[in-house]
Amino acid sequence: MAQIIDLGHSLPLDRPFTTTEAYDRGLGDRQLRRMVEHGWLRRPARGVYVVGALEDTLELRCAVLRLVVPDDAFLCDHTAAWLHAGDRALAPNDHLATPDLACFRRAGRLKRSTVRSGERAVRDTDLVEVHGLVTTTPLRTALDLGRLPRSNDVRLHGMDSMLSLGVFEHDELLAGVNRFAGQRGVVALRALVRMADGGSESFGESALRLRWHEAGLPRPVTQLEVARDDGAAYRIDMGLAEEKTGAEYDGEDFHSSPEQREHDLGRRAWLHQAAWTIEVFRRRCVFGPEQDVQRRLRALHESITSNRRRHYL
């Protein structure tokens, strides 16, 4: 914040502003780009900036979108997800770029270079007004995100993030699938919708849980609590209580500092002493050419199956 003030520009500190307003206040493209690179400004939508220290809230996201969304359009897909859930709904690296807005008219195509648009059939019940913006409801957004993205990881994460809002039930999501019979992406939606779980807290956890299902493991409990002797509890990203087996995704944001690593080591040492088997995965384990997630989860599945056989013999 101090660096912005030192530049001598009277930028709005409590609201979003457009590129045009920044020009009027004496800033050029090079300065704006530098301020974004240093984190002094954020660019949540094309042509819109906010001061980096300004807290992300629903009201702020609405204020950002009101500056760029046409009055006769409704928000959908990844833009509606971001409006409802904030950065929680973003896929990896989405915060590093500025995606096109996803918005539609009920009839007629929007022609803007910064808008991913077309026509989309919606029911009145699919839309809701939020602080003056019309957007698809979390339920309709989940159904669209479960079928339209190109990656199954993104599809499942989209449904997870909307379920995590707690404004509709998983049964409602299941019931909504048939209305898209014959439409694009419905095959993927049918395959993934039963796996959707609002307990997932990140894209990495959603992707890891998808690998868990693909390895043939039973459906896990997300954010599984393991009670400690002192009355507190440890949470495992996903796991099976009866088998004392779980898996965790250690993202860079929350598992990289010395303090975070020390906490993780202490927690997992306690779980190990309590006879829990916890497989820990980082980004390289789940994504990319060096991933070993399927091999390790299949080995976990074999171990559980063997233990069950011995138990019933």
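Described below are features of the structure shown in this document. Note that the structure is a prediction, hence the values are computed from the model and not measured.

The rules behind these values
Residues numbered from 1 in each chain as written. Predicted model: local features only at pLDDT ≥ 70, side-chain atom pairs only at ≥ 80, totals over all residues. Heavy atoms only, no water. Pairing = 2+ DSSP bridges. Helix = DSSP H or I, 4+ residues; strand = E, 2+ residues; numbered from the N terminus. Buried < 20%, exposed > 50% of the residue type's maximum accessible area, 1.4 Å probe, protein only. Contact = heavy atoms within 4.5 Å. Core = buried A, V, L, I, M, F, W, Y, C linked by side-chain atoms within 4.5 Å.

### Overview of the sheet that holds strand 1 (residues 17–18)
Taken together, the 3 strands give an open sheet; going across it, the order is 1-3-2, and neighbouring strands pair in antiparallel fashion. A single partner strand is all that each edge strand has here, and the edge strands are strand 1 and strand 2 (41–45). When strand 2 meets strand 3 (residues 48–51), the two strands line up antiparallel, connected through 3 bridges. What sits directly across from R42, in strand 3, is V50.

### Comments concerning unusual backbone geometry
Positioned with a positive phi, Q223 is a non-glycine residue whose angle comes to about 50°. Summarising the element assignment, Q223 is placed in strand 9 (residues 221–227). A relative accessible area of 13% means that Q223 is categorised as buried. Notably, K244 is not glycine yet its phi reads approximately 50°, a positive angle. Within the secondary structure layout, K244 lies in the loop between strand 10 (233–240) and strand 11 (245–249). The exposure class of K244 is partly exposed, given its relative accessible area of 34%.

### Regarding the environment of V128
With respect to the helices and strands, the residue V128 is situated in strand 7 (residues 127–130). V128 sits 10 residues away from P138 along the chain, and the two C-alpha atoms are 9.2 Å apart. Dropping the residues within four chain positions of it, V128 is found in contact with H84, L133, V134, T135, T136 and T137.

### Comments concerning the nonpolar core
Most often, soluble globular proteins keep nonpolar side chains buried together rather than apart. Counting 21 residues, the largest nonpolar core has M159, L173 and L189 as the members making the most contacts within it. Counting only elements with at least two residues in this core, the list comes to helix 5 (77–85), helix 6 (138–145), helix 7 (152–163) and helix 9 (186–192). Among the elements that make up this core, the one with the highest residue count is helix 7 (4 residues).

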